[in-house]
Amino acid sequence: HYGYWRLDPCTCDYPQPGCGAVLSVGKDEISCCITLPDNQTQEVIFQMNRVKRWQVTFLGTLLDTDGPQRTLNQNLELRFQFSEENHWPWFVIYTKQAFLLSSCLKKMISEKMVKLAAKNPEMQIEVPEQGNRKKHRVQQSQKDFSRFLPRKSKIEMANVDCVLGTIEEEDL
C-alpha cells in the first residue's frame, strides 16, 4: 500500500476473536490483512466515511506483583464502530500503537472536513484571535462522514475583562 502507514502486527476480533492482523492506514481507509485461525488471509477495508466513532482503552495488567519492582503489561485496545449492512458492529484491535492509529483516524476525518468546508463556503464560525475576529471554516455536516455532532454556535469575544474589574492607581 503505497502512501499508507503500516502498523506493527497486532490482533483483532474480526471475523473472530484472536485473529492476527496487519493494518495499513491512509487514503481515507483502514486496510486490514487478517490471518484467520486456519492460516488463510482475508483483506478487509474500512472506508472512513463508514466509521461512526472510535475509542482507545488501556488494558494494563500487573505481570509480577512479587518483589520491589512491579511489571506492567501495557496493552491497548482501539475499537471503532462502522456501518455494515444497516447495523453498526464494533471492530476491536489490540495493539500498542492504538494512540497512533487514533491520531491517524482523527487526521483523516479532519482532512475530509477541510475539503468539504472548502467546497461549501457558508460553513464558517468566527473565532476571536488577539482582539480581531478571524473566520475559520468548519464542516457542519460531519454526521455524513463521522457521525459526530455538528457545531452550529459562534464563539464571541467579551468586550470587557470582567475577572478583575477596573483597578485604579490609588487602589494599588
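Residues numbered from 1 in each chain as written. Predicted model: local features only at pLDDT ≥ 70, side-chain atom pairs only at ≥ 80, totals over all residues. Heavy atoms only, no water.

*Asks:* How would you explain the overall build of the protein if you had to name every residue and give the values?
*Replies:* Helix and strand content of the protein: one helix and twelve strands. Put simply, the protein runs from its N terminus to its C terminus through helices and strands in the order β-β-β-β-β-β-β-β-β-β-α-β-β. Buried positions account for 27% of the 172 residues belonging to the protein. Within the protein, contacts between residues at least 6 apart in sequence are counted, and of these 37% link residues at least 24 apart. For the protein, the exposed area adds up to about 12,200 Å²; of that, 49% sits on carbon and sulfur atoms. (Helix = DSSP H or I, 4+ residues; strand = E, 2+ residues; numbered from the N terminus. Buried < 20%, exposed > 50% of the residue type's maximum accessible area, 1.4 Å probe, protein only. Contact = heavy atoms within 4.5 Å. Areas by Shrake-Rupley, 256 points an atom, 1.4 Å probe, with all protein chains shown as cover.)

*Asks:* Kindly report on the layout of surface pockets, identifying the contributing residues and their values.
*Replies:* One simple way to see leftover space: roll a probe sized like a water molecule over the atoms. Size it by volume and the largest pocket reaches roughly 190 Å³. Broken down by element, the residue count for the lining of the largest pocket peaks at six residues, all from helix α1 (residues 98–119). Of the residues that constitute the lining of the largest pocket, the class distribution is five nonpolar, two polar and five charged. (1 Å grid on protein atoms, 1.4 Å probe; cavity = no way out; pocket = protein on both sides within 12 Å on 5 of 7 lines; lining within 4 Å. Points joined across faces, edges and corners; volume = space filled by probe spheres on them. Nonpolar A, V, L, I, M, F, W, Y, C, P; charged D, E, K, R; others polar.)

*Asks:* Tell me about the pairing of strand β5 (residues 41–47), and name the residues and values.
*Replies:* Where strand β4 (residues 29–35) and β5 come together, seven bridges link them in antiparallel fashion. By the bridge assignment, Glu29 is partnered in β5 with Gln47. Hairpin connection between β4 and β5: a loop of five residues separates the two successive antiparallel strands, and Asn39 in this loop has a positive phi of roughly 70 degrees. (Pairing = 2+ DSSP bridges.)

That's the geometry; what it means functionally is another story.
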